[in-house]
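What follows is each chain in one-letter form.
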Amino acid sequence: MLKLLQLLPKTCSPFTTRALYAGAVDGGLLRHAFRTDDANKDDLPLLDDSISAATALWKKEELLSRLKNLLNCTHEQSEKLYKANRKALRVFAARLLTDNIELLRANGIDDKFIYENPRVLSTPTDDLAKKLKLLRELPAVEDCKMLTPFLKASLKAVERMVAVAKQETIPGGNRINYLSERTGTEVPVVIKFFATNIRVYRIALDKFIANLDICLAHLEPAHVVRHLSVLAYATSSIRERLQALKNSPLETIKPWMVRVPDIALGKSFEAVIEKGRQPVFKDSVTGTWFETYVLKRMESLLGCTEETSRAIYDKCKGSVHLVDNIEFLLEKGVVAEVIIQHAPMLTAKREDLHQKVATLETLQCLRNLNDVVPLCVLKAYQLKKIVNNLNNEQLGPVNTNRIYYFADSTGFKPGEVTEQFARRTFMFRIPKDSFLANLKLFLEHMNREDILADLWAFKYSPGIVAERIARAKEVRGKKLMPWMVRCPDVVLEKSLQLTKESGALLGENETIVEYFCKRLGFDREVANSIFIKAPSVRNVRITKVKKVIDYLLDELDYTPNDIGLNPRILMHSLQTTKKRMAQLKEIGCRPKSLIIVCKSQRQYDLFVKEWIDAKERKTKVQQYG
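What you are looking at is a predicted structure, and each value in this text was computed from that prediction instead of being measured.

**Student:** What is the right way to read the overall build of the chain from this model?
**Tutor:** Looking only at helices and strands, the chain features 35 helices and zero strands. In the chain, which comprises 625 residues, the proportion classed as buried is 47%. For the chain, contacts bridging at least 24 residues in sequence account for 63% of all contacts bridging at least 6. Total accessible area on the chain is roughly 32,300 Å²; 51% of this is exposed by carbon and sulfur atoms.

**Student:** What is the right way to look at helix α18 (residues 322-331) in this model?
**Tutor:** Residue pairs spaced three or four apart in an α-helix point in one direction, given the helix's 3.6 residues per turn. Buried within α18 we find L322, V323, N325, I326, F328 and L329. Within two residues after α18, G333 carries a phi angle of roughly 95°, on the positive side.

**Student:** Please explain the side chain of T123 as it appears in this structure.
**Tutor:** Position of T123 among the secondary structure elements: in the loop between α7 (111-116) and α8 (125-136). Look at T123 and you get buried, because its relative accessible area is 13%. Excluding residues that lie within four positions of it along the chain, T123 makes contacts with L96, N100, L128 and K131.

**Student:** Explain unusual backbone geometry here, please?
**Tutor:** One can expect most non-glycine residues to show negative phi and most peptide bonds to be in trans. Of note, A140 is a non-glycine position whose phi angle comes to about 60°, a positive value. Checked against the element boundaries, A140 lands in the loop between α8 and α9 (155-167). Overall, A140 belongs to the partly exposed group, its relative accessible area being 41%. Its identity is not glycine, yet D557 carries a phi of approximately 60°, on the positive side. Of note, D557 is situated in the loop between α32 (542-555) and α33 (560-565).

**Student:** Please explain the environment of T185 as it appears in this structure.
**Tutor:** Summarising the element assignment, T185 is placed in the loop between α10 (175-183) and α11 (187-196). In the structure, T185 is positioned 36 residues away from P221 in sequence and 8.1 Å away in space, judged by C-alpha atoms. Contacts of T185, omitting those with residues within four sequence positions, involve S180, V190 and V225. Separated by 2.9 Å, the side chains of T185 and T183 make a polar contact.

**Student:** Whenever I open this one, α11 confuses me. Can you help?
**Tutor:** Among all positions in α11, only V190, I191, F193, F194 and A195 are buried. In this structure, the buried side of α11 is in contact with α10, α12 (205-218) and α13 (221-226).

**Student:** Explanation requested: the packing of aromatic side chains in the structure shown.
**Tutor:** The geometry of an aromatic ring pair comes down to the distance between the two centres and the angle between the two planes. On inspection of all chains with the given rule, the structure shows seven aromatic pairs. Consider the rings of F421 and F428, whose centres lie 5.6 Å apart with planes at 85°: the pair is edge-to-face. For F428, a relative accessible area of 6% gives the class buried. Against the face of F412 rests R448, its NZ or CZ located 4.3 Å from the ring centre.

**Student:** Help me understand the pattern of salt bridges, please; the structure alone is not making it clear to me.
**Tutor:** Any two side chains of opposite charge can pair, given that their charged atoms come close. All chains considered together, the criterion is met by 19 salt bridges. Between R350 and D324 there is a salt bridge, with the nearest N and O atoms lying 3.5 Å from each other. Linking R350 in helix α20 (residues 350-361) with D324 in helix α18, this pair joins segments that are 26 residues apart in sequence. Taking the relative accessible area as the measure of exposure, R350 reaches 38% and is therefore partly exposed. Notably, a salt bridge pairs D613 with K609, separated by 3.2 Å at the nearest N-O pair. Of this pair, D613 and K609 both sit in helix α35 (residues 601-624), four residues apart, which is roughly one turn of the helix.

**Student:** Sorry if this is basic, but what is going on with the nonpolar core here?
**Tutor:** Considering soluble globular proteins, one finds that nonpolar side chains tend to be buried as a cluster. Ranked by size, the top nonpolar core spans 134 residues in total, and within it F150, F194, F406 and F458 carry the most contacts. Not counting residues within four places of it along the chain, the set of residues in contact with F150 comprises L135, V158, M161, I176, I191, F194, A195 and I198. Counting 35 residues, the second largest nonpolar core, distinct from the first, contains Y515, V526, V540 and L594.

**Student:** Would you take a moment to explain the confidence of the model for the chain for this structure?
**Tutor:** Reading fine detail from the predicted coordinates is not recommended where pLDDT is low. Averaged over the chain, the pLDDT score is 78; the fraction of residues at 70 or greater is 80%. Averaged pLDDT values for the elements of the chain fall to 36 in helix α2 (residues 18-22) and rise to 92 in helix α24 (residues 414-423). Ignoring residues within four places in sequence, the model shows residues 49-55, a span with pLDDT below 50, making 14 contacts including any to other chains. Predicted confidence for residues 275-280 stays below pLDDT 50, and this span has 13 contacts to residues more than four positions away or in other chains.

**Student:** I keep staring at the packing of helix α16 (residues 291-302) against helix α17 (residues 306-315) and nothing clicks. Help me out?
**Tutor:** Relative orientation and spacing of two packed helices are given, respectively, by the angle between their axes and the distance between those axes. Contact geometry of α16 with α17 gives a least axis separation of 9 Å together with a crossing angle of 120°. Relative to α17, α16 is oriented oblique. Note on packing geometry: the crossing formed by α16 with α17 is right-handed. Where α16 approaches α17, its residues E291, V294, L295, K296, M298, E299 and L302 are matched on the opposing element by E306, S309, R310, I312 and Y313. Each residue belonging to the contact of α16 with α17 can be placed in one class, and the counts come to six nonpolar, one polar and five charged.

**Student:** Just checking my understanding: could you explain the side chain of R580 for this structure?
**Tutor:** With respect to the helices and strands, R580 occurs in helix α34 (residues 574-586). Within polar-contact distance, the side chain of R580 engages the backbone oxygen of K599 at 2.8 Å. In contact with R580, other than residues within four places in its own chain, are I596, V597, C598, K599, S600, Q601 and Y604.

**Student:** Can you help me understand the packing of helix α4 (residues 60-71) against helix α6 (residues 95-106) in this one?
**Tutor:** Where α4 meets α6, the closest approach of the two axes is 10 Å, and the angle between their N-to-C directions is 10°. In this view, α4 runs roughly parallel relative to α6, as classed from their interaxial angle. Note on element contacts: α6 touches α4 through R95, L97, T98, I101, E102 and R105, opposite L63, R66, L67, L70 and L71. In the contact of α4 with α6, the residues fall into six nonpolar, one polar and four charged.

The rules behind the values
Residues numbered from 1 in each chain as written. Predicted model: local features only at pLDDT ≥ 70, side-chain atom pairs only at ≥ 80, totals over all residues. Heavy atoms only, no water. Helix = DSSP H or I, 4+ residues; strand = E, 2+ residues; numbered from the N terminus. Buried < 20%, exposed > 50% of the residue type's maximum accessible area, 1.4 Å probe, protein only. Contact = heavy atoms within 4.5 Å. Areas by Shrake-Rupley, 256 points an atom, 1.4 Å probe, with all protein chains shown as cover. Polar contact = N/O pair within 3.5 Å; in protein donor to acceptor, adjacent residues only side chain to side chain. Phe/Tyr/Trp six-rings, centres within 6.5 Å; stacked < 30°, edge-to-face > 60°. Lys NZ or Arg CZ within 6 Å of the ring centre and 35° of its normal. Salt bridge = Lys/Arg side-chain N within 4 Å of Asp/Glu carboxyl O. Core = buried A, V, L, I, M, F, W, Y, C linked by side-chain atoms within 4.5 Å. pLDDT = per-residue confidence, 0-100. Axes fitted to C-alpha atoms, helices over the stretch in contact; angles between N-to-C directions. Parallel < 35°, antiparallel > 145°, perpendicular 65-115°, else oblique. Left-handed = near helix turned anticlockwise from the far one by under 90°. Nonpolar A, V, L, I, M, F, W, Y, C, P; charged D, E, K, R; others polar.

This is the structure we're talking about:
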């Protein structure tokens, strides 16, 4: 593509040839991320904070407003949609979410599915449209809307499933209907479990039917539907294991027992014969639960997927107390979602976790145990000291402590505040007057998300906080961040100086995209396309961007199109760029593309060596030719 653009005549700008550029992007993502029919209202403006933001995001408030108007949803629902797709917004334009919502609703999909599966909106619109089209082609489907769980699978998996379904002949028209008829299960339920085990379509049809027959002869139909992955095992292995289980002293046989290692079954049978009780699948020597049992038990208790249970198991490093701790927390009223979110607390010994929960229950102003359970990641003695301090402190009205006061003041859920306080335990040791004064100052001048994400600023005295905020506000206006309070004075001065210089270049309301358009003569659509290629350019200081552009255009006589083709040049050190350009000039090389200047030192040195060698060979040919 680069060579093709270099061969174009200079009168034919590659950035104005819309069709050519659109075809250069795999999957046509830019065609959906940036529509061409309304360039002035192409998309939301991006946050521009080169000091604190590692990667720019689309303005949250405006995006939430769009989602709320489009779906008529609550603030909590729109927040959930935003958080689930936050990573995608670093790559795609904000319109991707609204385009996908419109696409789903145009195909008759309920808003409930969007709320329950918000990550579906991160799928490129082209891919999502292809999935919907493919699912409509699945044979013997009465209502395509029932197939929405498959939208969470990859496009490649959906393509394979539909291709296999079209080629095979099976009673009911497809495997979903066949399994529904054989097990007496409703089709939507079968689809739900098929979507999480879509690899079942990789199994040959004869093997699928044979394994299903064997399993239904020994197992409950509902259990087979919940554990479809068992059908992927060799037919002989399933038959052998089920026959062994049938002749065993076990009272109930379930599909996951087919996957348990032989050593687990052997020890279980010994326990039943010797003690006359059902097995626990626990090694009597090491006291370790067998992994397969733990994973399946967590799935049952928490109602989660195999992937989630495996993630919890790995995060807790296979702790022997996992199952006991989950059962205990559920008995205490802790919801499964909180347990999954704060899985590290499950690594504690059973006695220690009991003690921690008992300590939390002594909190005088406790509203709900789920609000403070994240504190269980702390040591028992730490938690006891924190609870004593909270009980001895009078803060605001009745039924309030630091956690609830912070949550009520900022609008966060108490569980979210507790999670951050558990990571920053100094929040419980800060004097009450400083805590209240600093919180008031931060809420007046900063965003609540920034406050909760950077609690270190609370360690400074209210006088210093007020002085720092006043200095920063004179230059930055409303764009204040907590790091400005706690950074060294020289860093703050440097930041404010850069802000002044950037403001002098951009003006009050101009963004880096608008500056780029004005400086290089591009329209907004082309500028947005360039930033899609190199999104990190948004985080480069505008003063540095100006110096690099001035050097390339004024001193080296490169064109705006040269910069647009290789925007990475704007992120590189100007000193390095000048050094390399001087070296290339000495050897008689003026690169047609700026890409070589952006390469690593090894790649750049290799290019210089090859250029010199080629030049020497050419000179010898001319001498002896």
